[in-house]
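Here's the letter readout for the chains.
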Amino acid sequence: MYKASQFNFLTKKNSEGVLIYNSLEGNLVHLENEYEINLAKKYNKKNRLFDQEIENNDVFNFFIESGFLVESEKNEAIELERLIQKREEDPTLFITIMPTEDCNFRCVYCFEHFKRGSMEVEIQDGIVNFIKKMLSKGLYTSLHINWFGGEPLHAFEVVELLSIKLIKLSQEMDVDYSSSITTNGYYLNKENFKKLIDLNITYYTITLDGLAEDHDKTRILANGCGTFNEISENLKNMTKTNYEFFVQIRNNYTLDSLNKLDGFLEYLKNNICKDYRFENVDIRPIFDNGGYNAGNFDDCVSSKKISKYKGLEKAHEYGLHNLSLKNYIRPGGIVCNASKPNYWLFGADGKIMRCNVELDTEERNIVGQIKDANNYVIDFTKLSLWIDAGKKDKVCKSCFFAPSCQGAYCASLRFNNERLNINKQPCPEEKKALSDLLEILFKEMMN
Ligand code: SF4
Ligand code: SF4
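The rules behind each value
Each chain has its residues counted from 1, running along the sequence as written. Each chain is given a letter, starting from A, and each ligand a number, starting from 1, according to the order in which they appear as written. Reporting of local features is limited, given that this is a predicted model, to residues whose pLDDT is at least 70; pairs of side-chain atoms are given and counted only at 80 or more, and all residues count toward the totals for whole chains, interfaces and linings. Only hydrogens and water are removed before side-chain values are computed, so all heavy atoms of the structure are retained for them. Two strands qualify as a pair provided DSSP detects at least 2 bridges between them. Secondary structure follows DSSP: runs of H or I at least 4 residues long count as helices, runs of E at least 2 residues long count as strands, and numbering of each begins at the N terminus. Here the axes come from fitting lines to C-alpha atoms, over the contacting stretch only for helices, and the angles between their N-to-C directions go from 0 to 180 degrees. Distances are taken per atom, and a residue is near a molecule or strand as soon as one of its heavy atoms is within 4 Å of it. In this count, Pro and Cys sit with the nonpolar residues alongside Ala, Val, Leu, Ile, Met, Phe, Trp and Tyr, while Asp, Glu, Lys and Arg are called charged and the others, Gly among them, polar. Each residue gets one of three labels from its accessible area relative to the maximum for its type: buried under 20%, exposed over 50%, partly exposed in between, using a 1.4 Å probe on protein chains only. For the domain bounds, the source is a domain assignment made automatically or taken from a database. The salt bridge criterion pairs a side-chain nitrogen of Lys or Arg with a carboxyl oxygen of Asp or Glu, the two atoms within 4 Å. Nine residue types can take part in a nonpolar core, namely buried Ala, Val, Leu, Ile, Met, Phe, Trp, Tyr and Cys, and a core is a set of them joined through side-chain atoms within 4.5 Å. Whether two residues are in contact is decided by their heavy atoms, any of which lying within 4.5 Å being enough. Under the convention used throughout, the expected extent of a helix is 1.5 Å for every residue step, that is, one less than its residue count. In this analysis, the protein atoms alone were mapped onto a 1 Å grid. Cavities are point sets where a 1.4 Å probe fits without being able to get out; pockets are open sets with protein on both sides within 12 Å along at least five of seven lines; lining residues have an atom within 4 Å of a point. Grid points are joined across faces, edges and corners, and a volume is the space filled by probe spheres set on the points. Patch membership requires over 30% relative accessible area and the absence of a salt bridge. Like charges are linked within 9 Å, and nonpolar side chains (Val, Leu, Ile, Met, Phe, Trp, Tyr) within 5 Å. Using the Shrake-Rupley algorithm and a 1.4 Å probe, accessible areas are obtained, with residue cover drawn only from the displayed protein chains. Positive charges come from Lys and Arg, negative ones from Asp and Glu, while His and the chain ends are left out of the count. Lys charges are placed at NZ, Arg charges at CZ, Asp charges at CG and Glu charges at CD. Oblique is the label for every angle not falling under 35 degrees (roughly parallel), over 145 degrees (roughly antiparallel), or within 65 to 115 degrees (roughly perpendicular). The handedness criterion is simple: a crossing whose near helix is rotated anticlockwise from the far helix by less than a right angle is left-handed, and one whose near helix is rotated clockwise is right-handed. Note on aromatic pairs: the rings of Phe, Tyr and Trp (six-membered ring only in Trp) are paired at centre separations within 6.5 Å, and the planes decide the class, stacked below 30 degrees, edge-to-face beyond 60, tilted for the rest. Throughout this description, the term charge over a ring refers to an Arg CZ or Lys NZ atom that lies within 6 Å of the ring centre and within 35 degrees of the ring normal.

Visitor: Honestly, the sheet that holds strand β3 (residues 18-22) in this entry has me stumped. Any pointers?
Guide: Backbone hydrogen bonds are what pair the strands of a sheet, in a parallel or an antiparallel way. Reading across the sheet, the three strands line up as β2-β3-β4 and stay open at both edges, with antiparallel pairing between neighbours. A strand with exactly one partner marks an edge of an open sheet, and here the two such strands are β2 (8-12) and β4 (27-31). The mean angle between the axes of side-by-side strands here comes to 15 degrees, regardless of whether they run parallel or antiparallel. Across five bridges, the pairing between β3 and β4 is antiparallel. Residue pairing in the sheet places Asn22 in a bridge with Asn27 of β4.

In structure tokens form, the structure reads like this:
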């Protein structure tokens, strides 16, 4: 006998047919003929058992293969537990480093505080020592370094020095090395880009908030000047190289710039994204994340009732895609790094943290400190607050989206809700707008 998986989600597609998704398997299927749709609705009914010999049709058998129907004896809660345990088994040690917390930009929606300049050599060496100790446990086969800031290239020499040391360490410890960077792109001239490629930094996230007219309103230098021309020149020069690298262009839109997105998408398509290395775009509404600009920016789309996928829907019309989107519906795909045991974040002064939004604005986020080149401390009580966030949440255990989110989409939101006595689950936007997300993913699958 079989029953519907508790992790199924069935939704009517805007255009035609239905989409059915199973979050434990990460499977998404579109059904459009009426016969199949009726069977899908029937087999998705909770508290019903189905006999394979009686049903014996293609949809039934396909639903068993794809995890939409499971054996009636199966305890899916155990499967979920197993999946959560797997978080401990990730073979990549993922490290985010802020070589400086300062920035040459003052974006109008930025949540950072620009408290500290370049990381000192003693702290850099302390991070190398920390990573060496972690790799010595024998749990990891690869090391990924993600450069973050502030603007990481504002402390170019730290990125260079530390990369050289970490590449050498990876060779000594016999683990694979890879590296990514979130940069505003202003310093990415030909010479600097070549140096970064030589340092194995091959994944770039660079933001353009539209054409100059819009970008230069939000992403400005500390002296107030615009930055579009320099960044777009750097991007064009990157397309002229033959290096192996990938760029995700990020765009943060306001209500006003959403209406002007077509011109920008046309520009991307014709000038930059025709190069396969730039084909991954992420187009999102601006949201208020606190920080020095909290409350100062009153054009946040997220505060209005507009789908957060509006921009991406438009991007599709221009053949541009967010290749990371499909990760959101994979098992564990929406768990925040802050709740992953293989993840660590280092501030410019050696603070060891979890959440890259809270940074050191909340004591709970400072889970340790690099003391000097040979010593560090970790507060394991604080650390486990982040790692174990959501693991005992009973509501999460019965949620159809739990395999993807695991109650750990945003531990920071969970803590804030608890502190303010807000009786609300810390669910991701992706769950709230799941029908829209599945629809857009379906279109991607069809391309
Ligand atoms: S804990 Fe929440 S706010 Fe912090 S990085 Fe994760 S998702 Fe962002
Ligand atoms: S936080 Fe929300 S979406 Fe995530 S598992 Fe819990 S109830 Fe489900």
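Visitor: What am I meant to see in the site of ligand 2 here?
Guide: The local shell around ligand 2 consists of Cys396, Cys399, Ala402, Cys405, Gly407, Gln425, Pro426, Cys427, Pro428 and Lys431. When the residues that make up the shell around ligand 2 are grouped by side-chain class, the tally is seven nonpolar, two polar and one charged.

Visitor: Please clarify how unusual backbone geometry should be interpreted in this entry.
Guide: For residues that are not glycine, phi is negative in most cases, and the peptide bond is trans in most cases. Across the junction of Gly149 and Gly150, the peptide omega takes the value 20 degrees, indicating a cis bond. In this fold, Gly150 is placed in the loop between β7 (142-147) and α6 (156-173). Although it is not a glycine, Asn56 adopts a positive phi angle of roughly 25 degrees. Its place among the elements puts Asn56 in the loop between α2 (52-55) and α3 (58-65). Residue class for Asn56 comes out exposed when judged on its relative accessible area of 53%.

Visitor: Looking at this model, I keep getting lost on the domain arrangement of the protein chain. Mind explaining?
Guide: Quoted interface sizes are often the accessible area lost when the parts come together. According to the domain assignment, the protein chain contains domain 1 (2-74) and domain 2 (92-329). Distance from the C-alpha centre of domain 1 to the C-alpha centre of domain 2: 40 Å.

Visitor: Hey, could you run me through the pattern of salt bridges in this one?
Guide: A pair can form between side chains of opposite charge whenever their charged atoms are brought close. A complete count under the given rule lists 29 salt bridges for this structure. One salt bridge connects Arg250 with Asp282, and the closest N-O pair in it is separated by 4.0 Å. Of this pair, Arg250 sits in strand β10 (residues 246-253) while Asp282 sits in strand β11 (residues 280-285); the two residues are 32 residues apart in sequence, bridging distant segments of the chain. As a salt-bridge pair, Lys310 and Glu313 come within 3.6 Å of each other at their nearest N and O atoms. Highlighted residues: Lys310 and Glu313, both in helix α12 (residues 310-317), separated by three residues, approximately one helical turn. Each of the salt bridges in this network shares a partner with another, and the network as a whole consists of Glu101, Arg116, Asp349, Lys351 and Asp360.

Visitor: Explanation requested: the nonpolar core in the structure shown.
Guide: Buried together is how nonpolar side chains tend to be arranged in soluble globular proteins. By size, the foremost hydrophobic cluster in this structure holds 107 residues, and its most contacted members are Ile97, Ile131, Tyr204 and Trp344. Both of domain 1 (2-74) and domain 2 (92-329) provide at least three residues apiece to this core. Setting aside its immediate chain neighbours within four residues, Trp344 contacts Leu93, Phe94, Ile95, Thr96, Phe130, Met134, Ile352, Met353, Arg354, Val367, Ile378 and Leu383. Counting residues in hydrophobic clusters, the runner-up holds 15 residues, among them Ala40, Phe50, Phe60 and Phe63.

Visitor: Explain helix α5 (residues 121-136) here, please?
Guide: The periodicity of an α-helix, 3.6 residues per turn, causes residues three or four positions apart to be oriented the same way. Taking 1.5 Å of rise per residue, 16 residues should cover 22 Å, and α5 covers 22 Å from first to last C-alpha, within 8% of that figure. Buried residues of α5: Ile123, Gln124, Gly126, Ile127, Val128, Asn129, Phe130, Ile131, Met134 and Leu135, and no others. Backbone geometry just downstream of α5 places Gly138 in the positive-phi region, at approximately 80 degrees.

Visitor: I would appreciate a short explanation of the site of ligand 1 in the present structure.
Guide: Around ligand 1 sit Cys336, Ala338, Cys355, Asn356, Val357, Trp386, Tyr409, Cys410, Ala411 and Ser412, and that is every residue in its neighbourhood. Counted by class, the shell around ligand 1 contains eight nonpolar, two polar and no charged residues.

Visitor: What am I meant to see in the sheet that holds β7 here?
Guide: With mixed pairing, 10 strands are arranged side by side in an open sheet as β11-β10-β9-β8-β7-β6-β12-β13-β14-β15. This sheet does not close on itself; its edge strands, each paired only once, are β11 and β15 (375-378). Ignoring which end each strand starts from, the neighbouring axes of this sheet average 20 degrees apart.

Visitor: So what exactly am I meant to see when it comes to empty space enclosed by the protein here?
Guide: Where empty space is left can be seen by rolling a probe of water-molecule size over the atoms. Inspection of every chain in the model, using the stated rule, returns three cavities of 30 Å³ or more. Looking at the largest cavity, its volume works out to about 110 Å³. In this structure, the largest cavity is lined by 16 residues; those nearest its centre are Glu101, Glu112, His113, Leu359 and Asp360. Residues of the lining of the largest cavity, tallied by class, amount to six nonpolar, three polar and seven charged.

Visitor: How should a positive patch on the surface be read in this particular structure?
Guide: Together, Lys12, Lys41, Lys45 and Arg48 make up a region of like positive charge exposed at the surface. Relative to the helices and strands, Lys41 resides in helix α1 (residues 34-43). A relative accessible area of 44% means that Lys41 is categorised as partly exposed.

Visitor: How do you make sense of the packing of helix α11 (residues 261-271) against α12 when you look at a structure like this?
Guide: Packed helices, taken two at a time, are described by the angle between their axes plus the distance between the axes. One way to put it is that α11 packs onto α12 with a least axis distance of 10 Å and a crossing angle of 45 degrees. One element, α11, and the other, α12, form an angle in the oblique class. The way α11 lies across α12 gives a crossing that is right-handed. Contact residues: Leu261, Asp262 and Leu265 in α11; Gly311, Lys314 and Ala315 in α12. Looking at the contact of α11 with α12 residue by residue, the class counts come to three nonpolar, one polar and two charged.

Visitor: How should I be thinking about the packing of aromatic side chains in this particular structure?
Guide: The relative placement of two aromatic rings is captured by the distance of their centres and the angle of their planes. Considering all chains together, one arrives at 24 aromatic pairs under this definition. Aromatic pair Phe105 and Tyr186: ring centres 5.8 Å apart, planes at 75 degrees, arrangement edge-to-face. Of the two residues, Phe105 sits in the loop between β6 (92-97) and α5 while Tyr186 sits in the loop between β8 (176-183) and α7 (190-198), which places them 81 residues apart along the sequence. The class of Phe105 is buried, set by a relative accessible area of 1%. Ring geometry for Phe400 against Phe401: centres 6.1 Å apart, planes inclined by 50 degrees, an arrangement best described as tilted. Pair check on accessibility: Phe400 and Phe401 agree, each one buried. The cationic tip of Arg354 hangs over the ring face of Trp344; the distance from NZ or CZ to the ring centre is 5.0 Å.

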